Amino acid sequence: MHATTMASSRPQPPMRMGADAVAGAAIELAQPHAAGDLPLLVDGAPGTGREFVARAVHYLGPRRHRPFVPLHCAGLQDGPHATALPALVRLAEGGTLFLDSVETLSACEQEVLWRLVQAGSDPAVRWIAATAVDLHAQAAAGAFHPALLHRLASSRIQLPPRAEPYAAQVRLYGRA
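A brief structural summary. Small disclaimer: the values here were computed from a predicted structure and weren't measured.

Observations regarding empty space enclosed by the protein
Working step 1: All chains considered together, the criterion is met by 1 cavity of 30 Å³ or more.
Working step 2: Considering the residues around the largest cavity, the lining is formed by Ala34, Gly36, Val57, His58, Gly61, Pro62, Arg63, Thr96 and Arg126.
Working step 3: Residues of the lining of the largest cavity, tallied by class, amount to 3 nonpolar, 4 polar and 2 charged.

What follows is the structure, encoded as structure tokens:
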């Protein structure tokens, strides 16, 4: 299904895509997960559209009129940001909190996140996490909180590898 063929009464994700085929593929991956409230793990290499798919899941689902709060976890590395996570949960209340590069969280931040996700049995927030690494291998090696992985991977989308060179994708977005 292409974004342009969806019912006009449904709010469309505020995303810029230059190719209907690319957008359509992302929406096809997102659609089965949009109606649910389970935490979702999006696996994919950089440049494969992890955030685009997360936004599609949010805007195609029942939380589309509530906040979508993206957080690039690699940006949390330079300080005691574990206390910021509860504030972001409150900011995203009723909507979706998207945690990109979740594998970059420190052990302390992973513990705080695990406690927040555990507390989310009454889903005030839809949790979507994204990673470019094999979190199961990271958990087996002791580098990622195994219980957090279990919760975040309740539902999963595996993105295919990027088929086009970066320059071709830049042209798709109209920035070249």
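Alright, that's what it looks like, and here's the rest.
Focus on the nonpolar core
Working step 1: In this structure, Leu71, Leu97, Leu99, Val102, Leu113, Trp127 and Leu152 are the most contacted members of the largest nonpolar core, which totals 25 residues.
Working step 2: Setting aside anything within four residues of it in sequence, one finds valine 102 in contact with Cys73, Leu113, Ala129, Ala130, Thr131, Leu135, Phe144 and Leu152.
Working step 3: Listed in part, the 19 residues of the second largest apolar core include Val42, Phe52, Ala54 and Leu60.

Quick look at the packing of helix H3 (residues 84-91) against helix H4 (residues 107-119)
Working step 1: Following both chains from N to C, one finds H3 and H4 inclined at 35 degrees, their axes separated by 9 Å at the closest point. Our pair here, H3 against H4, has a crossing hand that is right-handed. Seen from H3, the contacting residues are Leu85, Pro86 and Val89; seen from H4, they are Glu109, Val112, Leu113 and Leu116.

Conventions used here
Residues numbered from 1 in each chain as written. Predicted model: local features only at pLDDT ≥ 70, side-chain atom pairs only at ≥ 80, totals over all residues. Heavy atoms only, no water. 1 Å grid on protein atoms, 1.4 Å probe; cavity = no way out; pocket = protein on both sides within 12 Å on 5 of 7 lines; lining within 4 Å. Points joined across faces, edges and corners; volume = space filled by probe spheres on them. Nonpolar A, V, L, I, M, F, W, Y, C, P; charged D, E, K, R; others polar. Core = buried A, V, L, I, M, F, W, Y, C linked by side-chain atoms within 4.5 Å. Buried < 20%, exposed > 50% of the residue type's maximum accessible area, 1.4 Å probe, protein only. Contact = heavy atoms within 4.5 Å. Axes fitted to C-alpha atoms, helices over the stretch in contact; angles between N-to-C directions. Helix = DSSP H or I, 4+ residues; strand = E, 2+ residues; numbered from the N terminus. Left-handed = near helix turned anticlockwise from the far one by under 90°.

Any functional reading would require information beyond the geometric quantities listed.
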